Number of protein chains: 2
Amino acid sequence: MTDGKKKGRPRILFFDLNETLLDLSEVRESVKNAFEGRNELVPLWFSSLLHYSLVATVAGQFKPFDEIGISAMMMVARSNGLDLSEDRAREAIQPIMSAPPHPDALPALKRLKDAEFQIGLLTNSFQKVMERQLENAGLAGMFHINLSVEEAGIYKPHRDIYGWAASRVGKWPDACMMIAAHGWDVAGALWNGMRAAFVARPGQELYPLAPVPEIVEPDLEGVANRLIEMGE
Amino acid sequence: MTDGKKKGRPRILFFDLNETLLDLSEVRESVKNAFEGRNELVPLWFSSLLHYSLVATVAGQFKPFDEIGISAMMMVARSNGLDLSEDRAREAIQPIMSAPPHPDALPALKRLKDAEFQIGLLTNSFQKVMERQLENAGLAGMFHINLSVEEAGIYKPHRDIYGWAASRVGKWPDACMMIAAHGWDVAGALWNGMRAAFVARPGQELYPLAPVPEIVEPDLEGVANRLIEMGE
């Protein structure tokens, strides 16, 4: 990527959904309750979910993100001596369907649209879950294109997913920018030719073994400001 | 895999190293100290290490397991408001080089060798780390072949790693058995044609979305018993 390209506006912005646009606090609360109040197991559950999403990817055993989340919940429960049925785990993950947007999400998306940015979505949620999530969060219709990894058969940050997303909008990766609150997503985008912006939400960290993205801001308002400042 | 094949002895047993043969309690203690005594962050660190080993694999950015471990430690520390330097993290992971064997490891390996099983090693540790680990644990020379994922350029449980290991010993995957204390490793082996034995050490769980292995025992003594019972 040349400096010249870096200074111009990305042709399209791909937003991550879970935790970047959507606030998963209610899911975390619900999962905490399934873990009998053991709050320290919630980040372990989310990390296991991410680990097993990639297990599914590398092993060629692609399954829905929420199903993997249920399995990961049961494993974390069992390994900590808790009795958690599959039904109870399935119930505990349900609030992911109705996660509200972070307060900065809709204003930032609107400002970017007003500034004539093309905006898309690239999420690990499967198609139907993504649609319900967008509908419930009041974000349906905000994007030029909604891409779920389900269509590609691999989870982020597989090297092929970023090029695939770019090709779906008829662009090269370096004309696209991934905007995410996860170090691994930003890293995957950068390693595979996309530009990236990191939303440094509380508890989120960049991956030390990856390049630093050109934009690092505490919230989407900051990211939108930096993008709008960029010339054409 | 036919029932007939299942009932006979595997031609070769591939043992996982970390946590299956080696006891990582001292590493966990050392990492806990780096986390200022916050024990609940240690499983989160290990899960993040596994997650990022697969991030490295899917993103085509293969890095040593211990380097990923150091990065994961720094991320977990930062996201929990702890100040941890890279040097301190590097120091904290050092005990992984001198992890002692679980008490059941050497007796089980010896019994299996006496019973004329071929035994090999298939580990996520890189070559030099693996060699130091085996030497320090008194396990060097126990295996017909020591395979590190470093040679393959992908971490377990990538679908290609099990077929690669089998080919390195001139066998088809279904003539090999993976023996591991991790649900994801056993799952990867089974999904990709190997047989598998799960060592259900405390805190370890099978992955609910994978087939159940033919052997599930609480320790390596139990696994060895089950294998030795098998006819030729």
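Before reading on, note that the structure itself is shown above.
Residue positions within a chain follow its written sequence, with the count starting from 1. To label them, take the chains in the order written and letter them from A, then take the ligands in the order written and number them from 1. In keeping with the model being predicted, local features are shown solely for residues with a pLDDT of at least 70 and side-chain atom pairs are shown and tallied solely at 80 or more, while totals for entire chains, interfaces and linings include all residues. Note: side-chain values were computed over all heavy atoms of the structure, leaving out hydrogens and water.

**With respect to helix α2 (residues 25–34) of chain A**
Residues and elements named next belong to chain A.
No. 1: When a residue's accessible area, from a 1.4 Å probe over protein chains only, is under 20% of the maximum for its type it is buried; when over 50% it is exposed; and in between it is partly exposed. The secondary structure listing takes helices from DSSP runs of H or I that are at least 4 residues long and strands from runs of E that are at least 2 residues long, numbered from the N terminus. Those residues of α2 that fall on the buried side of the exposure criterion are Val27, Ser30, Val31, Lys32 and Ala34.
No. 2: Buried-residue contacts for α2 involve α3 (41–58), α4 (65–79) and α5 (86–93).
No. 3: Taken from the residues just after α2, Glu36 is the one with a positive phi, measuring 55 degrees. Any two residues having at least one pair of non-hydrogen atoms within 4.5 Å are treated as being in contact.

**Some points on the pairing of strand β1 (residues 12–15) of chain B**
Residue and element names in this part refer to chain B.
No. 1: Along β1, one buried face is formed by Ile12 and Phe14 and the opposite face, lined by Leu13 and Phe15, is buried too.
No. 2: Pairing between two strands is assigned when DSSP locates at least 2 bridges connecting them. By the bridge criterion, 4 bridges tie β1 to strand β2 (residues 118–123) in an arrangement that is parallel. Residue pairing across strands places Leu13 opposite Ile119, the latter belonging to β2.
No. 3: Sheet topology note: the β1/strand β4 (residues 176–180) ladder contains 4 bridges and is parallel. For Ile12, the partnering residue across the bridge sits in β4 and is Cys176.

**With respect to the interface of chain B and chain A**
No. 1: Each side of the interface is counted separately: chain B has 35 residues, and chain A has 35 residues.
No. 2: Two parts placed together each lose some accessible area under a 1.4 Å probe, and adding up what both lose gives the buried area. With both sides pooled, the region where chain B packs onto chain A buries about 3500 Å², and carbon together with sulfur makes up 70% of that total.
No. 3: Criterion for a salt bridge: a side-chain nitrogen of Lys or Arg within 4 Å of a carboxyl oxygen of Asp or Glu. Joining chain B to chain A, the criterion identifies 0 salt bridges.
No. 4: When contributions to the side of chain B that touches chain A are tallied by element, the ones reaching two or more residues are α3 (41–58), α4 (65–79) and α10 (183–191) of chain B.
No. 5: In terms of residues, the side of chain B that touches chain A owes the most to one element, α3 of chain B, which gives 11 residues.
No. 6: A class-by-class count of the residues in the side of chain B that touches chain A yields 17 nonpolar, 12 polar and 6 charged. Residue type decides the class: Asp, Glu, Lys and Arg count as charged, Ala, Val, Leu, Ile, Met, Phe, Trp, Tyr, Cys and Pro as nonpolar, and the leftover types, Gly among them, as polar.

**With respect to the nonpolar core**
Across soluble globular proteins, nonpolar side chains show a tendency to be buried alongside one another.
No. 1: The nonpolar core is taken to be a set of buried Ala, Val, Leu, Ile, Met, Phe, Trp, Tyr and Cys residues, with the residues joined through side-chain atoms within 4.5 Å. Counting 188 residues, the largest nonpolar core has Phe15, Phe35 and Trp45 of chain A together with Phe15, Phe35 and Trp45 of chain B as its most contacted members.
No. 2: With near-sequence residues (within four places) excluded, Phe15 of chain B lies in contact with Leu21, Leu109, Leu112, Ile119, Gly120, Leu121, Leu122, Phe143, Met178, Ile179 and Leu220 of chain B.

**Points about the relation of the copies chain B and chain A**
No. 1: Least squares is the method used to superpose the copies, on C-alpha atoms of residues holding a pLDDT of at least 70 in both. Once turned by 180 degrees and shifted 0.0 Å along the axis, chain B lies on chain A with an RMSD of 0.0 Å. Between the two chains, the operation in question is that of a two-fold axis. Across chain B, the smallest distance between a C-alpha and the rotation axis is recorded for His51 of chain B, namely 2.1 Å.
No. 2: When you check the interface residues of chain B against chain A, 100% turn up at the interface there too, and the contact is symmetric in its surfaces.

**A few points about the packing of α4 of chain A against α5 of chain A**
Residue and element names in this part refer to chain A.
No. 1: At their nearest, the axes of α4 and α5 sit 9 Å apart, and the two run at 125 degrees to each other. Overall, the two elements α4 and α5 adopt an arrangement that is oblique. Our pair here, α4 against α5, has a crossing hand that is right-handed. Residues Asp66, Glu67, Gly69, Ile70, Met73 and Met74 of α4 form the contact with α5, whose participating residues are Glu86, Ala89, Arg90, Ala92 and Ile93.
No. 2: For the contact of α4 with α5, the residue count by class is 6 nonpolar, 1 polar and 4 charged. To get an axis, fit a line to the C-alpha atoms, keeping to the stretch in contact for a helix; angles then go from 0 to 180 degrees between the N-to-C directions. Relative orientations are named as follows: roughly parallel for angles under 35 degrees, roughly antiparallel for angles over 145 degrees, roughly perpendicular for angles from 65 to 115 degrees, and oblique for any other angle. Left-handed is the label given to a crossing in which the near helix is rotated counterclockwise from the far helix by less than a right angle, and right-handed is the label when the rotation is clockwise.

**Topic: the packing of aromatic side chains**
No. 1: Aromatic rings from Phe, Tyr and Trp, with only the six-membered ring used for Trp, were paired whenever their centres fell within 6.5 Å, and each pair was classed as stacked if the ring planes differed by under 30 degrees, edge-to-face if by over 60, and tilted otherwise. Applying the stated criterion across every chain yields a total of 14 aromatic pairs over all chains.
No. 2: With a centroid separation of 5.8 Å and 70 degrees between ring planes, the pair formed by Trp45 of chain A and Phe46 of chain A is classed as edge-to-face. The burial state of Trp45 of chain A is the same as that of Phe46 of chain A; both residues are buried.
No. 3: With a centroid separation of 6.2 Å and an interplanar angle of 90 degrees, the aromatic rings of Trp191 of chain B and Tyr207 of chain B are classed as edge-to-face. Here Trp191 of chain B, found in helix α10, pairs with Tyr207 of chain B, found in the loop between β5 (195–199) and β6 (215–217); they are 16 residues apart in sequence, far enough to count as distant. This pair shows no difference in class: Trp191 of chain B is buried, exactly as Tyr207 of chain B is.

**Re the sheet that holds strand β2 (residues 118–123) of chain A**
Residues and elements named next belong to chain A.
No. 1: With respect to topology, 6 strands assemble into an open sheet ordered β3-β2-β1-β4-β5-β6, the strand pairing being parallel. Edge positions in the open sheet fall to β3 (145–148) and β6 (215–217), since each of these has one partner strand only. Sheet twist, expressed as the mean angle between neighbouring strand axes with direction ignored, is 20 degrees.
No. 2: Where strand β5 (residues 195–199) lies against β6, 3 bridges are found, and the strand directions are parallel. What sits directly across from Val199, in β6, is Glu217.
No. 3: Strand contacts of helix α7 (residues 127–136): β2 and β3, with the helix running at about 135 degrees to β3, the strand carrying the most contacts.
No. 4: Of the strands in this sheet, β1 (12–15), β4 (176–180), β5 and β6 touch helix α11 (residues 220–229), which is tilted by about 145 degrees from β6.

**Side note on unusual backbone geometry**
Residue and element names in this part refer to chain A.
No. 1: Along the chain, Lys156 connects to Pro157 via a cis peptide bond; the corresponding omega equals 5 degrees.
No. 2: Within the element layout of this structure, Pro157 appears in the loop between α8 (149–152) and α9 (159–168).
No. 3: Within the chain, Glu36 stands out as a residue other than glycine whose phi angle is a positive 55 degrees.
No. 4: Positionally, Glu36 belongs in the loop between α2 and α3.
No. 5: On the accessibility criterion, Glu36 (56% relative accessible area) is exposed.

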